Amino acid sequence: MSDTSGMQNYNRTRWLTLFGTIITQFALGSVYTWSLFNGQLSQKLDEPISRVAFSFGLLSLGLAIASSVAGKLQERFGVKKVTMAAGVMMAVGFALTAHSNNLIMLYLSAGILVGLADGAGYLMTLSNCVKWFPERKGMISACAIGAYGLGSLGFKFICGHLLAVNSLENTFIIWGVMAMVMIIIGGLMMTDAPKQAAKTVTFDENNLSNSRDFTLAEAVRMPQYWMLALMFLTACMSGLYVIGVAKDIGEGMVHMSAITAANAVTVIAIANLSGRLILGVLSDKMARIRVISMAQVISLVGMSILLFSSMNETLFFISVACIAFSFGGTITVYPSLVSDFFGLNNLTKNYGLLYLGFGIGSVMGSLIASLFGGFVVTFTFITVLLIVSLILSATIRLPNKLEQGHNAPQHA
């Protein structure tokens, strides 16, 4: 009888954690509505939009940096406290953004502070949730990261409405309070995942996983770690760069009107979400590294259209949809993929360092474009990286540094 009640408790705890994670991720995803505010902030601060928009690049960098240290914070304080603190910090960041009257203050508040808050909550709650459901990691990643994507879509309407009926300053404060309340409620529902029992290699039909737990120090000594890092950086760079400039590509390369080109934002949101859900669920049914290879091929199709076709509206929307679909799918499958290679117990730290590729990728595309002038050079560079990544994903193998004394068979 006690076994049954123990199991019921375990199940109730993990499902509560999943719901809490979904609520938190929805609120954290709201930062992706940032482009709605660029115009008004540019007028308020009397600065060009490009400088104001740089705050979002800083936000992405802050997000990646905080994600890489969140594992340490969770070990010390637990997932509940860190998540709730992230919610409070996010509200403070938005309140300071509301009162920013120069670029430096905007960069510090909307960029660094909000980015750090978002990152502290994002990766840690996601990894914690995945650890609760080792038998369906792909689906759980899809739920959590899908909620993050839905948050950007949902808050697009919420923030749009708030801007229509409130001042810019009040909108930031209300947005911050709403996000904070959701994140605190979500945090209260979460529990730290139990440690996974040490195993050697588990075989299921599709996802062969090396469950020997590598510490971060051991993982970074493996060539596989850096192969995965380059593939992740490439996916983030292609996705974030094209998502960031899609409207400008439409206007500049396809000569579309500003209103038609703006539809790219909707196409991207739908494709991004579809990639998260479809590839996330698929990754529980076939080898995850093959799902990544598929995503790379889809991204290459999108890049090839941008580079080699005489684009019309339809081809333009297909190309950005391919790239957004691939990006959304890759960042959904990656946490589970990293746990296949290096174990579940140290996932937050092992994936956290890799996740810096998100921050680097977010600024690298724009940097290359501004240094070498324009889209074509950047698209060419990304295409070359994608081809290299595809070769890596086709040849990578699980690290075979297993527990001493176990002769585990190698997989093909």
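Within an unreviewed UniProt entry, the label attached to the protein chain reads MFS transporter, and the organism entered is Hafnia psychrotolerans. Among the UniProt annotations of the protein chain, the heading Subcellular location (unreviewed entry) holds the following wording: "Membrane".

Novice: Could you clarify how one ought to interpret the confidence of the model for the protein chain in this entry?
Specialist: As a note on interpretation, predicted positions should not be read in detail where pLDDT is low. With 93% of its residues at a pLDDT of 70 or more, the protein chain shows a mean pLDDT of 86. Across residues 199-205 the pLDDT falls below 50, and counting only partners more than four positions away or on other chains, this stretch makes 20 contacts in the model. Under a pLDDT of 50 for its full length, residues 401-412 has, in the predicted model, 18 contacts with residues more than four places off or in other chains.

Novice: How do you make sense of unusual backbone geometry when you look at a structure like this?
Specialist: Trans peptide bonds make up most of the peptide bonds, and negative phi angles are found at most residues other than glycine. The phi dihedral of Asp-46 is positive, around 55 degrees, even though this residue is not glycine. Its location among the elements puts Asp-46 in the loop between α2 (35-45) and α3 (49-77). Despite not being glycine, His-255 has its phi angle at roughly 55 degrees, a positive value. With respect to the secondary-structure elements, His-255 resides in the loop between α9 (223-253) and α10 (258-282).

Novice: Can you help me understand the packing of helix α4 (residues 79-98) against helix α7 (residues 168-189) in this one?
Specialist: Relative placement of two packed helices is described by the angle separating their axes and the distance separating the axes. Here α4 crosses α7 at 180 degrees, and the two axes come no closer than 8 Å. When the axes of α4 and α7 are compared, the pair comes out roughly antiparallel. Seen from α4, the contacting residues are Lys-80, Thr-83, Met-84, Gly-87, Val-88, Met-90, Ala-91, Phe-94, Ala-95, Thr-97 and Ala-98; seen from α7, they are Glu-169, Phe-172, Ile-173, Trp-175, Gly-176, Ala-179, Met-180, Ile-183, Ile-184, Gly-187 and Leu-188.

Novice: Mind showing me how you'd approach α7 here?
Specialist: Because each turn of an α-helix spans 3.6 residues, side chains separated by three or four positions end up pointing in the same direction. Helix length check: α7 (22 residues) gives 32 Å between terminal C-alpha atoms against 32 Å at 1.5 Å per residue, within 8%. For α7, the full list of buried residues reads Leu-168, Thr-171, Phe-172, Trp-175, Gly-176, Ala-179, Ile-183, Gly-186 and Gly-187. End-on view of α7: buried residues confined to an arc of 125 degrees, all on one side of the axis.

Novice: Can you help me understand the environment of Val-363 in this one?
Specialist: Mapped onto the secondary structure, Val-363 falls in helix α14 (residues 356-372). Taking C-alpha positions, Val-363 is 28 Å from Gly-138, a pair spaced 225 residues apart along the chain.

Novice: What should I look at first to understand the packing of α4 against helix α5 (residues 103-132) in this one?
Specialist: Contact pair α4 / α5: the axes reach a minimum separation of 8 Å and the direction vectors enclose 160 degrees. On the basis of their axis angle, the class for α4 and α5 is roughly antiparallel. Note that α4 runs across α5; the crossing there is left-handed. Taken together, the residues of the contact of α4 with α5 sort by class into 17 nonpolar, seven polar and one charged.

Cut-offs and rules
- Residues numbered from 1 in each chain as written.
- Predicted model: local features only at pLDDT ≥ 70, side-chain atom pairs only at ≥ 80, totals over all residues.
- Heavy atoms only, no water.
- UniProt positions renumbered as here; feature names shortened; annotations may be inferred.
- pLDDT = per-residue confidence, 0-100.
- Contact = heavy atoms within 4.5 Å.
- Helix = DSSP H or I, 4+ residues; strand = E, 2+ residues; numbered from the N terminus.
- Axes fitted to C-alpha atoms, helices over the stretch in contact; angles between N-to-C directions.
- Parallel < 35°, antiparallel > 145°, perpendicular 65-115°, else oblique.
- Expected span 1.5 Å × (residues − 1).
- Buried < 20%, exposed > 50% of the residue type's maximum accessible area, 1.4 Å probe, protein only.
- Arc of directions from axis to C-beta.
- Left-handed = near helix turned anticlockwise from the far one by under 90°.
- Nonpolar A, V, L, I, M, F, W, Y, C, P; charged D, E, K, R; others polar.

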